[in-house]
Amino acid sequence: NAFKSIKESNDWNDLSEARKRIVEKSIKEAVLEGVSLDDEKRERFNEIVQELKRLSEKFSENVLDATKKFERLVTDKKEIEGLPATALGLAAQTAISKGHENATPENGPWIITLDAPSYLSVMKYCQNRSLREEVFRAFVTRASSDDLDNTEIINQILKLRLEKAQLLGYNNYAEVSMAMKMANVDKAQELIEKLRVAAWGPAKKEVEEIKIFSKKQGAPEAGNLTHWDISFWSERLRESKYDINEEELRPYFSLPKVMDGLFSLANMLFGISVEPADGLAPVWHNDVQFYCLKDPNGTPVAYFYFDPYSRPSEKRGGAWMNEVVSRSRLLSRDNSSLRLPIAHVICNQMPPVGDKPSLMTFREVETVFHEFGHALQHMLTKQDEGLVAGIRGVEWDAVELPSQFMENWCYHRDTLMSIAKHYETGENLSEDVYQKLLAAKTFLSGWSTLRQIRFATVDLELHSSFIPDRSETIYDVDQRVCSKTQVIPLFPVDRFLCSFSHIFAGGYAAGYYSYMWAEVLSADAFSAFEDAGLNDEEAVRETGKRFRDTVLALGGGKAPIEVFVEFRGREPSPEALLRHNGLLPVPASA
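Parameters at a glance
- Residues numbered from 1 in each chain as written.
- Predicted model: local features only at pLDDT ≥ 70, side-chain atom pairs only at ≥ 80, totals over all residues.
- Heavy atoms only, no water.
- Helix = DSSP H or I, 4+ residues; strand = E, 2+ residues; numbered from the N terminus.
- Buried < 20%, exposed > 50% of the residue type's maximum accessible area, 1.4 Å probe, protein only.
- Contact = heavy atoms within 4.5 Å.
- Axes fitted to C-alpha atoms, helices over the stretch in contact; angles between N-to-C directions.
- Parallel < 35°, antiparallel > 145°, perpendicular 65-115°, else oblique.
- Left-handed = near helix turned anticlockwise from the far one by under 90°.
- Nonpolar A, V, L, I, M, F, W, Y, C, P; charged D, E, K, R; others polar.
- Pairing = 2+ DSSP bridges.
- Core = buried A, V, L, I, M, F, W, Y, C linked by side-chain atoms within 4.5 Å.
- Salt bridge = Lys/Arg side-chain N within 4 Å of Asp/Glu carboxyl O.
- Disulfide = S-S within 2.5 Å.
- pLDDT = per-residue confidence, 0-100.
- Expected span 1.5 Å × (residues − 1).
- Polar contact = N/O pair within 3.5 Å; in protein donor to acceptor, adjacent residues only side chain to side chain.
- Patch = residues over 30% accessible without salt bridge, like charges linked within 9 Å, V, L, I, M, F, W, Y side chains within 5 Å.
- Areas by Shrake-Rupley, 256 points an atom, 1.4 Å probe, with all protein chains shown as cover.
- Lys, Arg positive; Asp, Glu negative; His and termini not counted.
- Charge placed at Lys NZ, Arg CZ, Asp CG, Glu CD.
- Phe/Tyr/Trp six-rings, centres within 6.5 Å; stacked < 30°, edge-to-face > 60°.

Student: Explain unusual backbone geometry residue by residue, including any values.
Tutor: For the bond running from Gly108 to Pro109, omega is -5°, close enough to zero to count as cis. Phi at Ala510 is positive, roughly 55°, even though this residue is not glycine. Structurally, the position occupied by Ala510 is in the loop between helix H19 (501-504) and helix H20 (514-532). Given the relative accessible area of 0%, Ala510 is considered buried.

Here's what the structure looks like:
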């Protein structure tokens, strides 16, 4: 009511755009939480919310229990020939945990499970085709039978989400999901279809290339490759074409050199300097570094903590950026100056050993650039209203723009060559390896794009047009979607939906499209620098300033489509993403 009173007051027109956004988003969030419903409808709404929570938890439990239920004991090493040493070690460790106390990586026994590291290793490396089939069948039918069957839970979730949407006055749950996002249902479907059409032809060619390659290798299944063959033979093809060993590249990516290059890039693009500020603030571990961002005049504009190394006993895995405090005038000490933003960037890299610095894989280099992109949006905001400063208030499907944008610079020759120097000899990464890294980036991009499109499309279909308890089942929807998104026909007993936790037990219901949406935004933003000329330093600086003054500065204080148009001069286009992924020209039909 307080926010509604503000909007209806005579002072409304005098408010800044950022303050109007805060009020309007707060009202919309409250409405989506059912506060404007009458008592009877609100009671039913709250019942639905509680039941959906219970069903999602049960869905997760069933997936977890079904995943744990599958164990394949292997005693003959010939059965798992081809598995790398890390996978054998994991399988032996699993066997030990299950009571086979004498298991070793070399002699077994080994236990294969459906946990991602075990499953993916079998699919990519195991030469035993029948074992690959067995594991694949178990994986795609998880939580689809007996007392762990999620089918009816999915139907109940979809039914309740539809009822919830209708109580709120929407036609379907997809509209509810996108009420607080940058895209709408039509825009998301339009983008997905453009990408699908572009990826279809390349995906067919990629599968044909895999078939030809497997035939040359003497594979009996070459003429009839199916789902449990593609990962295996595509990995052999990738090895033969690019032969990039991530571990062998580590000496070329030492953390100090990578960070120096990243900070130099930030200086060129955004006119900021990043300086150590250790001792200025307390840290939670000796590994943690503290930095200050300064503008060209040497004035501090933000700070961030950097915690780069793995500490398994006290720190969860992965990488992330989060805010410590946001920029705010209201919350400054004297209410007139600014409280400067502070971020923390967390990674899990190999720590230094003796005199040897932390050496990174190329993927870890991309990860540092990615998380620093998030940090830049938090730290370089010009919004003084804390609720829309930095990443706050940015629509969910737009918040990955700066992070994915920064990843593009890892493939820019000058940027990469400035950081890729052997930590002992100073030798540059070879041109041959650089070209392989570029080529590997687009390997199987058609197939990979269609895979993501399947997930995004079935998600939108189930939450926009599917009506539970009619003649068409959830599996019929998946089958229909796959006929246009899978080059190899869907496996008849595929029950992937029963373990699709992103949309049934996570935050991605009618939101899976956002992975591709963010990729389009970031690729299109990077293409502005390509258009300006990546070798023209002055043009790059000018474009970087425009990026800082819009995407990084405006935060959640302005609608993301308006921010993007202000930077790019037009609405987003998927053309740059398709070009970067090697999916142009677009075929006429698919």
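Student: A description of the side chain of Glu221 should follow, citing residues and the corresponding values.
Tutor: Locating Glu221 in the fold gives a position in the loop between helix H9 (185-216) and helix H10 (227-241). Residue classification places Glu221 among the buried positions, given a relative accessible area of 12%. The residues contacting Glu221, other than those within four sequence positions of it, are Arg129, Arg132, Asp229 and Trp233.

Student: Hey, could you go over the packing of H20 against helix H22 (residues 560-568) for me, with residue numbers and the actual values?
Tutor: A pair of packed helices is captured by two measures, namely the crossing angle of their axes and the spacing between those axes. At a minimum axis distance of 11 Å, the contact between H20 and H22 shows a crossing angle of 15°. Taken together, the axis directions place H20 and H22 in an arrangement best described as roughly parallel. The crossing of H20 and H22 is left-handed. Two secondary-structure elements touch here, H20 through Leu521, Asp524, Ala525, Ser527, Ala528, Phe529 and Asp531 and H22 through Phe564, Phe567 and Arg568. Its residues assigned to classes, the contact of H20 with H22 shows 6 nonpolar, 1 polar and 3 charged.

Student: So what's going on with the sheet that holds strand S5 (residues 300-309)? Residues and values would help.
Tutor: Pairing is mixed across the open sheet formed by 5 strands, whose spatial order is S3-S4-S5-S7-S6. Looking at strand neighbours, the two that pair on one side only are strand S3 (273-276) and strand S6 (320-325), the edges of this open sheet. Taken pair by pair, the neighbouring strands of this sheet meet at an average axis angle of 30°, ignoring direction. Both S3 and strand S4 (residues 289-294) contribute to a ladder of 4 bridges, which runs antiparallel. Residue pairing for S4: Val274 is matched across the bridge by Leu293. Taken strand by strand, helix H12 (residues 255-270) contacts S3, S4, S5 and strand S7 (342-349), and its axis lies near 155° from that of S5. In the packing of helix H13 (residues 362-379) onto the sheet, contacts are made with S3, S4, S5, S6 and S7, and the angle to S7 comes to roughly 170°.

Student: Requested: an account of the pairing of S4, with residues and values cited.
Tutor: Across the 6 residues that make up S4, a large majority, 5, are buried. Of the pairings in the sheet, the one linking S4 to S5 comprises 6 bridges and is antiparallel in character. For Cys292, the partnering residue across the bridge sits in S5 and is Tyr303.

Student: If you had to explain the nonpolar core to someone new, which residues and values would you point to?
Tutor: Core analysis: the largest hydrophobic core is formed by 147 residues, its most contacted members being Phe253, Phe270 and Phe304. Per element, the largest residue contribution to this core is 12 residues, and it comes from H9. If sequence neighbours within four positions are ignored, Phe304 has contacts with Phe263, Val274, Gln289, Phe290, Tyr291, Leu293, Ala343, Val345, Phe372 and Met379. In this structure, Val74, Ala87, Ile111 and Val122 belong to the second largest nonpolar core, which totals 25 residues.

Student: Which residues make up the packing of H12 against H13, and what values do they have?
Tutor: Contact geometry for H12 and H13: axes closest at 11 Å, N-to-C directions at 40°. With respect to H13, the axis of H12 lies oblique. The hand of the H12/H13 crossing is right-handed. On H13, the residues touching Val258, Met259, Leu262, Phe263, Leu265, Ala266 and Phe270 of H12 are Val365, Val368, Phe369, Phe372 and Leu376. A breakdown of the residues in the contact of H12 with H13 according to their chemical character gives 12 nonpolar, no polar and no charged.

Student: Can you explain the pattern of salt bridges? Please cite residues and give values.
Tutor: Within this structure, the stated rule accounts for 46 salt bridges. For Arg454, the salt bridge identified is with Asp478, shortest N-O distance 2.7 Å. With a gap of 24 residues between them, Arg454 in helix H17 (residues 445-464) and Asp478 in helix H18 (residues 474-485) connect regions that are remote in the sequence. Taken individually, Arg454 and Asp478 each receive the classification buried, so the pair is uniform in this respect. Connected via shared salt-bridge partners are Asp287, Asp307, Arg311, Glu314 and Lys315.

Student: Help me get a handle on the state of the cysteines, residues and values and all.
Tutor: The final tally for this structure, using the stated rule, is 0 disulfides. Left without a disulfide partner, Cys498 is nearest to the cysteine sulfur of Cys482, which lies 14 Å away. With a relative accessible area of 0%, Cys498 lands in the buried category.

Student: Explain the confidence of the model for the chain to me, and be specific about the residues and the numbers.
Tutor: Close inspection of predicted coordinates is inappropriate in any region flagged by low pLDDT. With 98% of its residues at a pLDDT of 70 or more, the chain shows a mean pLDDT of 93. Confidence over residues 586-590 falls short of pLDDT 50; this stretch has 8 contacts with residues more than four positions distant or in other chains.

Student: An account of helix H3 (residues 39-69) is needed here, citing residue identities and associated values.
Tutor: With 31 residues, H3 should reach 45 Å at 1.5 Å per residue; the first-to-last C-alpha distance of 45 Å fits that figure. Among all positions of H3, only Phe45, Ile48, Leu52, Leu55, Ser56, Phe59, Asn62, Val63, Ala66 and Thr67 are buried. On its buried face, H3 is in contact with helix H2 (17-32), helix H7 (151-167) and H19.

Student: Outline the environment of Glu206, supporting the account with residue identities and numerical values.
Tutor: Along the polypeptide, Glu206 turns up in helix H9. Setting aside residues no more than four positions away along its own chain, Glu206 makes contact with Leu444, Ser445, Gly446 and Trp447. A polar atom in the side chain of Glu206 sits 3.3 Å from the backbone nitrogen of Ser445.

Student: Got a sec to walk through a negative patch on the surface? Specific residues and values, please.
Tutor: Side chains of Glu57, Glu61, Asp65, Asp146 and Asp147 sit close together on the surface and give a patch of like negative charge. By secondary structure assignment, the location of Asp147 is in the loop between helix H6 (129-140) and H7. Residue classification places Asp147 among the exposed residues on the basis of a relative accessible area of 62%.

Student: Go over the packing of aromatic side chains with me, naming the residues and quoting the values.
Tutor: As enumerated under the stated definition, the model contains 37 aromatic pairs in all. For the pair Phe59 and Phe504, a centre-to-centre distance of 5.5 Å together with 50° between the ring planes defines the contact as tilted. Placement of Phe59 in helix H3 and of Phe504 in helix H19 is noted, with a sequence separation of 445 residues between them. Both rings, one in Phe405 and one in Phe529, keep their centres 5.4 Å apart while their planes meet at 45°; by these two values the pair is tilted. Here Phe405 is found in helix H14 (residues 401-407), whereas its partner Phe529 is found in helix H20, with 124 residues between them in sequence. The buried category is assigned to Phe405, whose relative accessible area is 0%.

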